Amino acid sequence: MSLYTDYLTEIETRKGEGLHPKPIDDGALVAELITLIEDEGNAHRKDALNFFIYNTLPGTTSAAGVKAAFLKKIILGEVAVAEITPDFAFELLSHMKGGPSVEVLLDIALGDAAALAAKAGDVLKTQVFLYEADTDRLKAAYEAGNAVAKDILESYAKAEFFTKLPEVDEEIKVVTYIAAEGDISTDLLSPGNQAHSRSDRELHGKCMITPAAQAEIQALQKANPDARVMLIAEKGTMGVGSSRMSGVNNVALWTGKQASPYVPFVNIAPVVAGTNGISPIFLTTVGVTGGIGLDLKNWVKKTDADGKPVLDENGDPILEQKYSVETGKVLTINSKTKKLYDADGTELADIASAFTPQKVEFMKAGGSYAVVFGKKLQTIAAETLGVEAPAVFAPSKEITKAGQGLTAVEKIFNRNAVGVTAKEPLLAGSDVRVKVNIVGSQDTTGLMTSQELEAMAATVISPSVDGAYQSGCHTASVWDKKAQANIPKLMSFMNKFGLITARDPESHYHAMTDVIHKVLNDITVSDWDIIVGGDSHTRMSKGVAFGADSGTVALALATGEATMPIPESVKVTFKGQMKDYMDFRDVVHATQAQMLKQCGDNVFQGRVIEVHIGTLLADQAFTFTDWTAEMKAKASICISNDDTLIGSLELAKSRIQVMIDKGMDNEAKTLQGLIDKADKRIAEIKSGEKPALTPDEGAKYFAEVVVDLDLIDEPMIADPDVNNADVSKRYTHDTIRPVSYYGAEKKVDLGFVGSCMVHKGDMKIVAQMLKNLEKETGKVEFKAPLVVAAPTYNIIDELKAEGDWEVLQKYSGFEFDDLFPKAQARTEYENTLYLERPGCNLCMGNQEKAEKGDTVLATSTRLFQGRVVEDSAEKKGESLLASTPVVVLSAILGRTPTLDEYKKAVEGIDLTKFAPPLQVPSTAKSAHF
């Protein structure tokens, strides 16, 4: 009973931390519980029984397998447990979702004991997580004349697992809780520095917002027992950033409903809202849990007599409150009228977008997974029976218009659509199932993804997925006890499931901590691909990529599909000429600034940015598509010239080959298959059979933005504006300022060159600037620390071959050593250069951080409060974002530079340049404008 003894010790430890016993996923421990249960006089029997019934995780965990087998014995009368009758055993199996529980139910349903078979059949009719092996058993039994199998299949064909569920309540009473003013980053709900605990739901729940906020939510629940707490982003958007699933899980844990009485800390149905609605990926995740996400529109722009927005002294629109949602206000959501009402019945807002037929189905089913699997199960059952499946689910929304041209995203969706009935191509707004080609899982959400896969009883990757990768970049900086406990377990699970893994569970190849987005950018080998990844920065320069929660990633891995509306697109083109001293990162920042000036509102939010870059190779173009996550875009598409795309694919092939040479390919030869796919795509382009993806002439866009490169005459900085008097304006990515704004007086405490935003060219810029300064002054002195983390090992190898790494080494006070990785995060920095391991480093904020209260200038993407740097008692931490040369020079100066200082420092340096595509000769295979 050593495992049980260890479990009791762990329980006591958790009790001291205010935690309940951790849910059990280990089959060996459940086997010990069963031994105790069978021993009638054992002092631990009662506790063991409770752990077995209420604290064992379902799905395909080894614990579920042992539990299901024991319940089968009880049902068959092979063993008797007074507290678990056969009927109760059936009930427990019904809550175990799938995998071993479905196998047991099928064994009994297709067995010889007629009464038990009927009961097992009734339970199976409520289950949806069946896979091919399960449905094949039913089909074989049906064809052999088994009446129970026929009865089950007939129920599935009618989708009774869905139709017999209770309807969504017509009136849903909520009590408001303003979580924050302005955009609410998921870091507030699930802080990056607590990423290690995400798979321990109760423990991770302790980090949501603050303990004070948690107490306030509990007080609201106590005062309003008939209402659900609605978490609100006042004057902002709810759920921007990453960590969506853990953020939604935390909100559900504190404000939602328990999914099953026999599964602890898995809650569903949260209610969230924002003045400017919900971030697209976060809203998808709310759907995963069957929750409600509202666009309140409770603050509107003040207008003058001519209907034009009234601006404040900073040129920002002044907002007026349309209605109050102050904390503690009781409101009513009506799911039938699709309106939000005040306590006295006054209509406040139209919330129809939150109650589309598809979203209501998710609410009714307790989450989107059950609907996805249910639809598939209904189709299989109907085909097996040779009948037509009745129209039970809301039909897919198919919007068409004869003769209308397609945007790039519409083309990709139509190419990959599944189960479409329309004769004409689908347009934006259509809701469609699509094949997913590439899937990425990252290491701070990967354990949650593996839990989701276990929960939906999946055991192997869908054969329709071209390639999938499990990264190790978010935990690359520090190989501490938390990483040592979590990451090998994750890599082993994902490797067995069929993914290419950054670490080899057998240690045959060197651990690769390359930034996930860089790897996905390489293994995406077609501009027609759909990519889904467990991170908001899943934005490729080929195909169209969607950042997703860990659950949607699991669904894509298990089924090879995703379901989503085709987004509207915003077309971005360029004119003018880049100044010689400017870096392409400044064009990215300027795009956001010029868009806001041209359009007034952020037209990128929730839409696809179709960026006509054309002439930039995948690495450099990724700088733009990557940033679109911060522009609040749902996704982005890079329109590339034929020759440029071929160059990008050749580069991708070479990097995939490096992975193969390292020994990373699997038995399915996934990586070799990607090279073969790239070769086929290159041949199609060269032959003219299928040129690079372009939109049609008559494509319809929500908006078109033209970026004038002539207007970009000095480096641009994205500023969190931490002291803005309007709280809602802090920590957004919309405050873009020229470097001259700071008058060379902004003190910089730390510089960071790294994250998914940089490429090989950025590393070479650092080396070249150091060489230039040494040549001019004889030495280089840093007045602030400079942390440099290359995105990939490939880049480091190439820098070593070209002599740049030697320059970086010369000035470094620290260089990573893979043989002896850091076991503790750095808490203090000296004024020197730190050469860190490839990976996310400071940008993720879960391991490395700047010193509290620092002003950080970084090439990364994250400026959210507390992500890169936390506040100190004396000063707010702030993370400003800029190009590599600005960051390097600022670290050397200890402040932001003047424009003249900057120009002098970059003279002769090969910055990332961009020229808009010109008119292409008639001999070209395609043209892009």
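Residues numbered from 1 in each chain as written. Predicted model: local features only at pLDDT ≥ 70, side-chain atom pairs only at ≥ 80, totals over all residues. Heavy atoms only, no water.

## Focus on the overall build of the chain
Under the convention used in this document: The helix count covers DSSP runs of H or I at least four residues long, the strand count covers runs of E at least two residues long, and both are numbered beginning at the N terminus. Radius of gyration: over C-alpha atoms. The globule rule applied is 2.2 Å multiplied by the number of residues raised to the 0.38 power. Exposure is judged per residue with a 1.4 Å probe applied to protein chains only, and the accessible area is read against the type maximum: over 50% gives exposed, under 20% gives buried, and values in between give partly exposed. Note on areas: Shrake-Rupley with a 1.4 Å probe; residue coverage comes only from the protein chains shown. In this tally, Lys and Arg are treated as positive and Asp and Glu as negative; His is ignored, and so are the chain termini. Note on charges: their place is set at NZ of Lys, CZ of Arg, CG of Asp or CD of Glu.
Within the chain, the regular secondary structure consists of 31 helices and 33 strands. The C-alpha atoms of the chain give 28 Å as radius of gyration, which agrees with the globular expectation for 929 residues (30 Å, within 12%). Viewed in the frame of its principal axes, the chain has a C-alpha envelope of about 90 × 65 × 65 Å. Relative to its full complement of 929 residues, the chain shows a buried share of 60%. Approximately 35600 Å² of the chain is accessible, and the part contributed by carbon and sulfur atoms is 50%. Distance from the positive charge centre (98 side chains) to the negative charge centre (129 side chains) of the chain: 2 Å.

## Description of the packing of aromatic side chains
By convention here, two paired aromatic rings are described through the distance between centres and the angle between planes. Selection rule: Pairs were defined over the aromatic rings of Phe, Tyr and Trp, the Trp ring being its six-membered one, requiring ring centres within 6.5 Å. Orientation was assigned from the angle between planes: stacked under 30 degrees, edge-to-face over 60, tilted for the rest.
Applying the stated criterion to the full structure yields 18 aromatic pairs. One aromatic cluster is present, built from ring pairs that chain together Phe-574, Phe-584, Phe-624 and Phe-914.

## Some details on the side chain of Asp-200
Keep this limit in mind: Residues are treated as being in contact if the distance between any of their heavy atoms lies within 4.5 Å.
Within the element layout of this structure, Asp-200 appears in the loop between helix 11 (186–189) and helix 12 (201–205). Under the relative-accessibility criterion, Asp-200 is labelled buried at 9%. In this structure, Asp-200 is in contact with Arg-14 and Lys-22, ignoring residues within four places of it in sequence.

## Topic: the pattern of salt bridges
Note the following rule: Any carboxyl oxygen of Asp or Glu within 4 Å of a side-chain nitrogen of Lys or Arg constitutes a salt bridge here.
Going through the model one piece at a time under the given rule, you end up with 54 salt bridges. Taking the shortest distance from any N to any O, the salt bridge between Glu-630 and Arg-862 comes out at 2.9 Å. Of this pair, Glu-630 sits in the loop between helix 24 (618–627) and strand 24 (635–640) while Arg-862 is found in the loop between strand 32 (855–858) and strand 33 (878–881), placing the two residues 232 residues apart along the sequence. Take Glu-630 and Arg-862: they sit in the same class, and that class is buried. We note a salt bridge from Lys-746 to Glu-878, for which the minimum N-O separation is 2.9 Å.

## What to know about the sheet that holds strand 23 (residues 608–614)
For clarity, the cut-off: Any two strands between which DSSP finds at least two bridges are classified as paired. Note on definitions: angles span 0 to 180 degrees between N-to-C directions of axes, and those axes are lines fitted to C-alpha atoms, for helices only across the stretch in contact.
Overall, parallel pairing links the four strands, which are arranged 24-23-22-25 in an open sheet. Sheet topology places strand 24 and strand 25 (703–708) at the edges, where each strand pairs with a single neighbour. Between one strand axis and the next, the sheet turns through 25° on average, direction left out of account. As defined by bridge partners, strand 22 (residues 569–575) adjoins strand 23 across four bridges and the pair is classed as parallel. Within strand 23, the position partnered with Val-570 by the bridge is Ile-609. Strands strand 22, strand 23 and strand 24 of the sheet are contacted by helix 18 (residues 408–416), whose axis makes an angle of about 100° with strand 24.

## Here's the deal with the confidence of the model for the chain
Should the pLDDT be low somewhere, the predicted coordinates at that spot are not to be read in detail. Where we set the bar: For every residue, the predictor reports its confidence as pLDDT, a number between 0 and 100.
For the chain, per-residue confidence averages 93 on the pLDDT scale, and residues scoring 70 or more make up 98% of the total. Note on residues 919–929: pLDDT under 50 across the span, and 24 contacts to partners over four residues away in sequence or across chains.

## A few points about the environment of Thr-777
In plain terms, the rule: Polar contact is defined as a pair of N or O atoms within 3.5 Å, subject to the rule that within protein one atom must be able to donate a hydrogen and the other to accept it, and that residues adjacent in sequence are counted only when both atoms are side-chain atoms.
Among the structural elements, Thr-777 can be located in helix 27 (residues 760–777). C-alpha separation for the pair Thr-777 and Ser-569, spaced 208 residues apart in sequence, amounts to 50 Å. Within the structure, Thr-777 has its side chain in polar contact with the backbone oxygen of Leu-773 (distance 2.8 Å). Polar contacts involving the side chain of Thr-777 include one to the main-chain carbonyl oxygen of Lys-779, which spans 2.5 Å.

## Regarding the nonpolar core
Definition in use: Note on terminology: a nonpolar core comprises buried Ala, Val, Leu, Ile, Met, Phe, Trp, Tyr and Cys residues joined through side-chain atoms within 4.5 Å.
Within the largest apolar cluster, 132 residues are counted, with the highest numbers of intra-cluster contacts made by Tyr-469, Phe-574, Ile-613, Phe-624, Leu-770 and Leu-786. For Leu-786, the contacting residues outside a window of four places in its chain are Gly-751, Phe-752, Val-753, Val-766, Thr-832, Leu-833, Tyr-834, Val-887, Val-888 and Ala-891. Judged by nonpolar contacts, the second largest core, of 110 residues, contains Tyr-4, Ile-75, Val-128 and Leu-138.

## Quick look at the side chain of Ser-648
Inspection of the secondary structure puts Ser-648 in helix 25 (residues 642–661). For Ser-648, a relative accessible area of 5% gives the class buried. Every residue in contact with Ser-648, bar those within four places of it in the chain, is listed here: Leu-617 and Ala-618.

## Some words on helix 6 (residues 100–109)
Along helix 6, eight of the ten residues are buried, which leaves the element largely enclosed by surrounding structure. Within the span of helix 6, buried status applies to Pro-100, Ser-101, Val-102, Val-104, Leu-105, Leu-106, Ile-108 and Ala-109. Those residues of helix 6 that are buried lie in contact with helix 4 (62–75), helix 5 (86–94), helix 7 (114–124), helix 8 (132–143) and helix 9 (147–157).

## Looking at the packing of helix 4 against helix 6
We apply this condition: For classification purposes, an angle smaller than 35 degrees is called roughly parallel, one larger than 145 roughly antiparallel, one from 65 to 115 roughly perpendicular, and anything else oblique. Left-handed describes a crossing in which the near helix is turned anticlockwise from the far one by less than a right angle; the clockwise case is right-handed. Note that Gly is not counted as nonpolar here; it falls among the polar residues with everything else outside the nonpolar set of Ala, Val, Leu, Ile, Met, Phe, Trp, Tyr, Cys and Pro and the charged set of Asp, Glu, Lys and Arg.
Running from N to C, helix 4 and helix 6 point in directions that differ by 25°, and their axes come no closer than 8 Å. Considering the angle they form, helix 4 stands roughly parallel to helix 6. Here helix 4 and helix 6 pass one another in a crossing that is right-handed. Of the residues in helix 6, those touching helix 4 at Ala-64, Gly-65, Ala-68, Ala-69, Lys-72 and Ile-75 are Pro-100, Ser-101, Val-104, Asp-107 and Ile-108. Classifying every residue of the contact of helix 4 with helix 6 by side-chain character gives seven nonpolar, two polar and two charged.

## What about the sheet that holds strand 21 (residues 561–565)?
With antiparallel pairing, the three strands of this open sheet are ordered in space as 14-15-21. Edge strands, defined here as strands with exactly one partner in the open sheet, are strand 14 (417–418) and strand 21. Looking at chain direction, strand 14 and strand 15 (residues 431–435) are connected through two bridges and run antiparallel. Directly across from Val-418, in strand 15, lies its bridge partner Arg-433.

## Details of unusual backbone geometry
One non-glycine residue, Ile-209, lies in the positive phi region at around 55°. Within the secondary structure, Ile-209 sits in the loop between helix 12 and helix 13 (211–223). Its relative accessible area of 16% is what places Ile-209 among the buried residues. Despite not being glycine, Lys-338 has its phi angle at roughly 60°, a positive value. When you line up the elements, Lys-338 lands in the loop between strand 11 (330–334) and strand 12 (339–341).

## Observations concerning the state of the cysteines
Filter applied, for reference: Only a pair of cysteine sulfur atoms within 2.5 Å qualifies as a disulfide here.
Within this structure, the stated rule accounts for zero disulfides. No disulfide involves Cys-638; its nearest neighbouring cysteine sulfur is the one of Cys-756, lying 16 Å away. Among the residues examined, Cys-638 registers a relative accessible area of 10% and is labelled buried. In this structure Cys-756 is not part of a disulfide, and its nearest cysteine sulfur, from Cys-843, lies 5.9 Å away.

## Concerning helix 19 (residues 446–455)
A large share of helix 19 lies buried, amounting to nine of its ten residues. Of all the residues in helix 19, the buried ones are Gly-446, Leu-447, Met-448, Thr-449, Ser-450, Glu-452, Leu-453, Glu-454 and Ala-455. Among the residues trailing helix 19, Ala-457 stands out with phi positive, at a value near 60°.

## Observations regarding the environment of Leu-253
The topology assignment puts Leu-253 in helix 14 (residues 244–255). Distance in space between the C-alpha atoms of Leu-253 and Gly-205 is 6.9 Å, their sequence separation being 48 residues. With residues near it in sequence (within four places) discarded, Leu-253 still touches Arg-201, Glu-202, Gly-205, Phe-265 and Asn-267.

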